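Residue-level structure breakdown
So you can see what is in the structure, the chains are spelled out below.
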Amino acid sequence: MSLLLDIDHVGKTFLQGGLLSRRHIEAVKDISLQIEAERPEILSVVGESGSGKSTLAAMVLGQQLPTRGRVLFDGIDIADIRSRADRRAFMAKVQPVLQNPFEAFNPLKRVDRYLFATATNFMTSKGRPTRQEIEARVGRALVEVGLTLAEVRGRFPHELSGGQLQRTAIARALIPDPRLLVADEPVSMVDASLRMSIVNLFGSLRDRLGLSIIYITHDLATAYYISDRIIIMKKGEVVERGNARAVLDNPQHPYSIALKNAVLTPDFA
Amino acid sequence: MQSEALFHTPDTATEPTLVVDRLKAYYTTKAFGIDRDIRAVDDISLSIAKGEIYGVAGESSSGKTTLIKTIVGAIRPPLHVVGGSVRFNFSGQAYDIYDLRPDELQAIRWRHLSYIMQGSMNVLNPVRRIKHSFYDFAYPHMGLDRAAFWDKVRGHLRKLDLDPDVLHSYPHQLSGGMRQRATIALATVCTPEFIVADEPTTALDVIVQRDVLNMLRDIQRDLGSSFLFVTHDMSVHATVSDRVGIVYAGRLVEEADTPTLFRGARHPYTQHLVASLPKIGDTTRRASLAGRPPSLADPPSGCRFHPRCPLAMDICSRQVPVMTSLTPRHRVACFAVTGATS
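Cut-offs used in this document
- Residues numbered from 1 in each chain as written.
- Chains lettered and ligands numbered in written order.
- Predicted model: local features only at pLDDT ≥ 70, side-chain atom pairs only at ≥ 80, totals over all residues.
- Heavy atoms only, no water.
- Helix = DSSP H or I, 4+ residues; strand = E, 2+ residues; numbered from the N terminus.
- Rg over C-alpha atoms; globule rule 2.2 N^0.38 Å.
- Buried < 20%, exposed > 50% of the residue type's maximum accessible area, 1.4 Å probe, protein only.
- Contact = heavy atoms within 4.5 Å.
- Areas by Shrake-Rupley, 256 points an atom, 1.4 Å probe, with all protein chains shown as cover.
- Salt bridge = Lys/Arg side-chain N within 4 Å of Asp/Glu carboxyl O.
- Pairing = 2+ DSSP bridges.
- Axes fitted to C-alpha atoms, helices over the stretch in contact; angles between N-to-C directions.
- Buried area = accessible area lost by both parts, 1.4 Å probe.
- Polar contact = N/O pair within 3.5 Å; in protein donor to acceptor, adjacent residues only side chain to side chain.
- pLDDT = per-residue confidence, 0-100.
- Core = buried A, V, L, I, M, F, W, Y, C linked by side-chain atoms within 4.5 Å.
- Phe/Tyr/Trp six-rings, centres within 6.5 Å; stacked < 30°, edge-to-face > 60°.
- Lys NZ or Arg CZ within 6 Å of the ring centre and 35° of its normal.
- Lys, Arg positive; Asp, Glu negative; His and termini not counted.
- Parallel < 35°, antiparallel > 145°, perpendicular 65-115°, else oblique.
- Left-handed = near helix turned anticlockwise from the far one by under 90°.
- Disulfide = S-S within 2.5 Å.

**Focus: the overall build of chain A**
Across its full length, chain A carries 11 helices and 10 strands. Relative to a compact globule of 269 residues, whose C-alpha radius of gyration would be 18 Å, chain A shows 19 Å and is just as compact. Its C-alpha atoms give chain A principal-axis dimensions of about 55 × 55 × 45 Å. Within chain A, the fraction of its 269 residues that count as buried is 54%.

Next comes the structure, spelled out in structure tokens:
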């Protein structure tokens, strides 16, 4: 059994304040978590604001280094990545999808520019890629998310709907052929009817491309709907973990129960 | 079944607090001699009874926020009201928003009509303490001397389970939920008769969201005000709204009491919205709607939903369906439902 991602007793402490009023803030305390390489899955991370979800995501993406423990991706400690080439190889395998597609793209730049730039950056293994190779790769990624290059080419962010933009952001993440997507609240800014189309897209990426997805959210209903495993975080600690349906059908920890009870149910039957 | 008991019967005997009649508001832009109209509110009629929470749902860029702006009279170019009227009835006195002078409108605002905005961070001045926001917004409208004003504010905060010490905090010192509650306290301190809430819980996490919604319901019960509650989240409407209107591409397509809407929606778009809600304990696949929201600059002809509609007929692309009453409190604009043919 090989592990795609091995989060091994990881902690992250931030320092806040000046010289005299320095405070330590433990955003993440001792979290361990594994994703197997052979079994692609959607892992939901839920919890209130300030529970350390986003810090955990930043550590998986290598944007923050843990102050304790190790994050291993494909057997390599992310903290040991030094050379540019290694860093790029790692970034190709782990890609982020951000919360708000309207903020992820610069409103003054055309959307396709991000796609072509990503392709140019990551297709360097066989020398400089040609224009045709880049367009073919971008086109393929867009088809995976249900768009075409013709719909996106030359468009500015305001010319696309929120759902199309978030799909484009996901297509961008797919260009380097990643093994793991880290999606931080990808649906909290899109409205109800588009939310399900994004969530369904994650399911189909897992099933068709064998992609594992870390799905960070506070929306328990979509977590229940799409994810295989779930961890529930509070104040930097995992309070409950396991099969998503089993945990949410029958939560044990008082915080998980409170979370589930706070979910608004549209039940009138 | 018992859920109906939760919904109090609004006072329908007296005059409705708000009557919107055939309201049309467009954003008009002129560039290189070409006029473009963005028809964000197109022929919307609705009325809200005294003490009623009226919910408005729809996707982003369906014109929800423009509807609010035109209702509260916050109209700045390029937005123009093209037709229709908005009439309020505050303590027996009628006001037509578009006939008022600016100073009369100013006098109504906050005293009778207030507004809870989406991002609490944008409402409260980040470099001034919360108390200054209260003073700037509410003091001129209350007609009290200072000591009485601060007593009233403190009492109001205590009633909403907020420590009056928040007045001395800066916005960044409060958590998102506290900040949103402070904004709600600010919007309700003058006991207004009509409150507009625009996505008041969208940025909050589930537990805080529940607290804020409970607080809004309590306020509503306490003051007996009418609410216009706008959010795209149908489960929030299920929890707070007495009646919900569904907006699609600038038009109202269906309106009914909340239980009716969730149990027996008739318009295909509403049916889709209700059916696409994920629920804990239910793993059946949720379909997402094909196509994309129409551009308001160049909306489809006829019924604006017809390119994405599973029931689309010939007539749908040629004629605009009108709102038809199925029952006295259930209106829908759809040819397939009303059975109208050309």
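Now that the structure has been shown, the text picks up again.
**What to know about the overall build of chain B**
Assigned secondary structure in chain B consists of 12 helices and 12 strands. Judged by the C-alpha coordinates and their principal axes, chain B covers about 65 × 55 × 45 Å. The buried share of chain B, taken over its 342 residues, is 51%. Nonlocal contacts in chain B, meaning residues at least 24 apart in sequence, comprise 65% of its contacts between residues at least 6 apart. Summed over its atoms, the accessible surface of chain B is roughly 15200 Å², and 50% of this surface lies on carbon and sulfur atoms.

**Describing the pattern of salt bridges**
Once their charged atoms are close, side chains differing in charge can pair, the charge on each being opposite to the other. Considering all chains together, one arrives at 28 salt bridges over all chains under this definition. Note that A:R229 and A:E41 form a salt bridge whose closest N and O atoms lie 2.6 Å from each other. Taken together, the positions of A:R229 in strand β9 (residues 229–234) and A:E41 in the loop between β2 (23–36) and β3 (42–47) put the pair 188 residues apart, joining distant regions of the chain. Classification of A:E41 as buried rests on a relative accessible area of 9%. Between B:R308 and B:E59 there is a salt bridge, with its nearest N and O atoms 3.3 Å apart.

**Re the sheet that holds strand β4 (residues 79–90) of chain B**
All names here are of chain B. Read across the open sheet, the 4 strands follow the order β2-β1-β4-β5; overall the sheet is antiparallel. The open sheet has two edge strands, β2 (34–48) and β5 (93–96), and neither has a second partner. Between one strand and the next, the sheet's axes are offset by a mean angle of 15°, whatever the strand orientation. Examined bridge by bridge, strand β1 (residues 18–31) and β4 share 8 bridges and lie antiparallel to one another. Considered in β4, the bridge of V19 is made with R87.

**Quick look at the interface of chain A and chain B**
Each side of the interface is counted separately: chain A has 35 residues, and chain B has 38 residues. Each partner contributes to the roughly 3300 Å² buried at the junction of chain A and chain B, and carbon and sulfur atoms together form 64% of this total. Remark: the boundary between chain A and chain B carries 0 salt bridges. Our count for the chain A to chain B interface comes out at 4 residue pairs in polar contact (both at pLDDT 80 or more). Sorting the residues of the side of chain A that touches chain B by element identifies α8 (192–209), α9 (220–226), α10 (244–249) and α11 (254–262) of chain A as the ones contributing at least two each.

**Points about the confidence of the model for chain B**
All names here are of chain B. Here chain B shows a mean pLDDT of 85. Residues at 70 or above account for 94%. Low confidence marks residues 1–8, where pLDDT is under 50. Its contacts with residues over four positions away, or in another chain, come to 16 contacts. At the level of chain-chain contacts, confidence expressed as ipTM amounts to 0.74, with global pTM at 0.81.

**Focus: the nonpolar core**
Soluble, globular proteins show a tendency: their nonpolar side chains are buried together. Ranked by internal contacts, the top residues of the largest apolar core, which has 53 residues, are B:L18, B:F88, B:F194, B:L228, B:M234 and B:I246. When residues no more than four places from it in sequence are discounted, the contact partners of B:F88 are B:T17, B:L18, B:I71, B:Q93, B:A94, B:Y95, B:I97, B:L113 and B:F194. In this structure, A:L115, A:A171, A:L211 and A:Y215 belong to the second largest nonpolar core, which totals 39 residues.

**Focus on the packing of aromatic side chains**
Taken as a whole and assessed by the stated rule, the structure comprises 15 aromatic pairs over all chains. Arranged with centres 5.8 Å apart and planes meeting at 80°, the rings of A:F73 and A:F90 form a pair that is edge-to-face. You can see A:F73 sitting in strand β4 (residues 68–73) and its partner A:F90 sitting in helix α2 (residues 84–93), a full 17 residues away along the chain. Note on accessibility: A:F73 and A:F90 belong to one class, buried. Grouped by ring-pair contacts, the aromatic residues B:F88, B:F90, B:Y95 and B:F194 constitute a single cluster. When the ring centre of B:Y139 is taken as reference, the NZ or CZ atom of B:R146 above it lies at 5.9 Å.

**Re the side chain of A:K12**
Residues and elements named next belong to chain A. Here K12 shows up in strand β1 (residues 3–16). Buried charged residue K12 carries no salt bridge. Nearest counter-charge: E26, at 12 Å. For K12, the side chain forms a polar contact with the main-chain oxygen of L65, separated by 2.8 Å. What K12 contacts, discounting residues up to four positions off in sequence, is I25, E26, A27, V28, T55, M59, Q64, L65, P66 and T67.

**Quick look at the packing of helix α7 (residues 176–188) of chain B against helix α8 (residues 206–223) of chain B**
Residue and element names in this part refer to chain B. α8 packs onto α7 with a crossing angle of 15° between their chain directions and a minimal axis gap of 10 Å. Taken together, the axes of α7 and α8 are roughly parallel relative to one another. Of the two possible hands of crossing, α7 and α8 adopt the one that is right-handed. Every residue of α8 that contacts α7 at G177, R181, I184, A185 and T188 is listed here: V208, V212, M215, L216, I219 and L223.

**Focus on the state of the cysteines**
Residue and element names in this part refer to chain B. Applying the stated rule across the entire model yields 0 disulfides over all chains. C309 carries a free sulfur, and the closest cysteine sulfur to it, the one in C334, is 5.8 Å from it. On the accessibility criterion, C309 (16% relative accessible area) is buried. C334 sits in the buried class, given a relative accessible area of 7%.

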